[in-house]
Amino acid sequence: RLAVDPAAFVPDAIASILAQTMPDLELVVVDDGSNDDSLQRILACTDPRLTVVRQRNRGLAGARNTGIVHSRASTIGFCDSDDVWHPEKAARQLAVMDREPDVGLTFSHSMYLTQEGEPTGQLLLSRCAQPTVRDLIARNHVGNGSTPVVRRACFARAGLFDEDLAAGCEDFEMWVRIACLSGMTVRLVPEVLTGYRIRWSSGSMTFDRFLSGHHLAIERVRSYVPGFTERNARRSNAEHLRIASRKAFSAGRPDLSREYLLRALRTYPSLVL
């Protein structure tokens, strides 16, 4: 695999937010204890809408929480440093939320990008237009952390990201918690509005952390979702094993992919349907 400097992605992410067709926005960039030249690349941008916050490394959940605390808007979107937004993403998703005040979180389809930022031709599509709590427990229909736009009221009611979770599982648990505790609905905007870069060194590509993190997230979910059952836990664990299988295959590990898929089917045989 080609090694790409992660700091090189940062300007593209920033530019994609500042190029939104809805220009009345604020961009809070959190430098989460970087030890490369990310900060210099960020500070090269002089747009007055940009605010930079530096902190010791707290992980993805900690960086998102800092961004939420320092932002002022009533709606908050997220974009990881290696992803990009389509120019109309904010406008399209906010239009839905303006029309429907009971919608607390919108998300979109995504396009997979290579490490160099080129479209792969593959899309990450959700087939669940309005996922319920049970839907989100079974599978993270939101897809990735750069797709959602969330009302601040959801965080006020459901709390911030759990900083004990990692490897993508902090997102899974947060969306379940919002759907369960905010009293608002989750809605798909069925357009490709996010570019999701595939990096083999990313948190979701470290398979053991991805799977162990999910088990911890399920224990969190068990504590607040009414009527949560072992069947719910098995199905969710099987879905994450299936996702790990696909990621392992894409990373050139067919042996590991096969192992995860067999574990998924043993955990929840109905997955084959």
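Here goes a summary of the coordinates provided. As the structure is a prediction and not an experimental result, all values here were calculated from the model.

1. Digging into the overall build of the chain
Here is step 1 of the chain: Helix and strand counts for the chain come out as 10 helices and 8 strands.
Here is step 2 of the chain: In terms of overall size, the chain behaves like a compact globule, its C-alpha atoms giving a radius of gyration of 18 Å where 273 residues would be expected to give roughly 19 Å.
Here is step 3 of the chain: Principal-axis analysis of the C-alpha atoms gives the chain an extent of 55 × 45 × 35 Å.
Here is step 4 of the chain: Of all 273 residues assigned to the chain, the portion counted as buried reaches 49%.
Here is step 5 of the chain: In the chain, 73% of the contacts between residues at least 6 apart in sequence involve partners at least 24 apart.
Here is step 6 of the chain: On the chain, the mean spot of the 34 positive side-chain charges and the mean spot of the 32 negative ones are 6 Å from each other.

2. Section: the pattern of salt bridges
Here is step 1 of the chain: A full pass over the atoms with the stated rule returns 19 salt bridges.
Here is step 2 of the chain: For Arg-58, the salt bridge is made with Glu-163, and the minimal N-O distance between the two is 2.6 Å. Here Glu-163 lies in the loop between α6 (152–158) and α7 (169–181) and Arg-58 lies in the loop between β2 (50–55) and α3 (59–70), a separation of 105 residues in the sequence.
Here is step 3 of the chain: Judged by its relative accessible area of 28%, Arg-58 is partly exposed.
Here is step 4 of the chain: Each of Arg-64, Asp-80 and Asp-171 takes part in one network of salt bridges that share partners.

3. Some points on helix α8 (residues 207–224)
Residues lying three or four places apart along an α-helix face the same way, a consequence of the helix completing one turn every 3.6 residues.
Here is step 1 of the chain: Taking 1.5 Å per residue as the helical rise, α8 with its 18 residues ought to reach 26 Å, and the 27 Å between its terminal C-alpha atoms agrees with that figure.
Here is step 2 of the chain: Taken together, the buried positions of α8 are Phe-207, Phe-210, Leu-211, Gly-213, His-214, Ala-217, Ile-218, Val-221 and Tyr-224. What you see down the axis of α8 is that its buried residues fit within an arc of 160°, all on one side. Every exposed residue of α8 that faces more than 90 degrees away from the buried side is listed here: Asp-208 and Ser-223.
Here is step 3 of the chain: Here the buried face of α8 lies against α5 (133–138), α7, α9 (230–250) and α10 (254–267).

Rules of the game
- Within any chain, residue numbers begin from 1 and follow the written order of that chain's sequence.
- Two thresholds apply to this predicted model, a pLDDT of at least 70 for residue-level local features and 80 or more for giving and counting side-chain atom pairs, whereas whole-chain, interface and lining totals are computed over all residues.
- Side-chain numbers here rest on the full set of heavy atoms in the structure, without hydrogens or water.
- Put simply, DSSP H or I for four residues or longer makes a helix, DSSP E for two residues or longer makes a strand, and each gets a number counted from the N terminus.
- In this treatment the radius of gyration is a C-alpha quantity, and the globule benchmark scales as 2.2 Å times the residue count to the 0.38 power.
- Only protein chains enter the area calculation, which uses a 1.4 Å probe; residues under 20% of their type maximum are buried, those over 50% are exposed, and those in between are partly exposed.
- In this analysis, two residues are considered to be in contact whenever any of their non-hydrogen atoms come within 4.5 Å of each other.
- A positive count includes Lys and Arg, and a negative count includes Asp and Glu. His and the chain ends are not counted in either.
- The atoms used to mark charge sites are NZ of Lys, CZ of Arg, CG of Asp and CD of Glu.
- The salt bridge criterion pairs a side-chain nitrogen of Lys or Arg with a carboxyl oxygen of Asp or Glu, the two atoms within 4 Å.
- Expected span of a helix, by definition, is 1.5 Å for each gap between consecutive residues, and there is one gap fewer than residues.
- Note: the arc covers the axis-to-C-beta directions of the helix.

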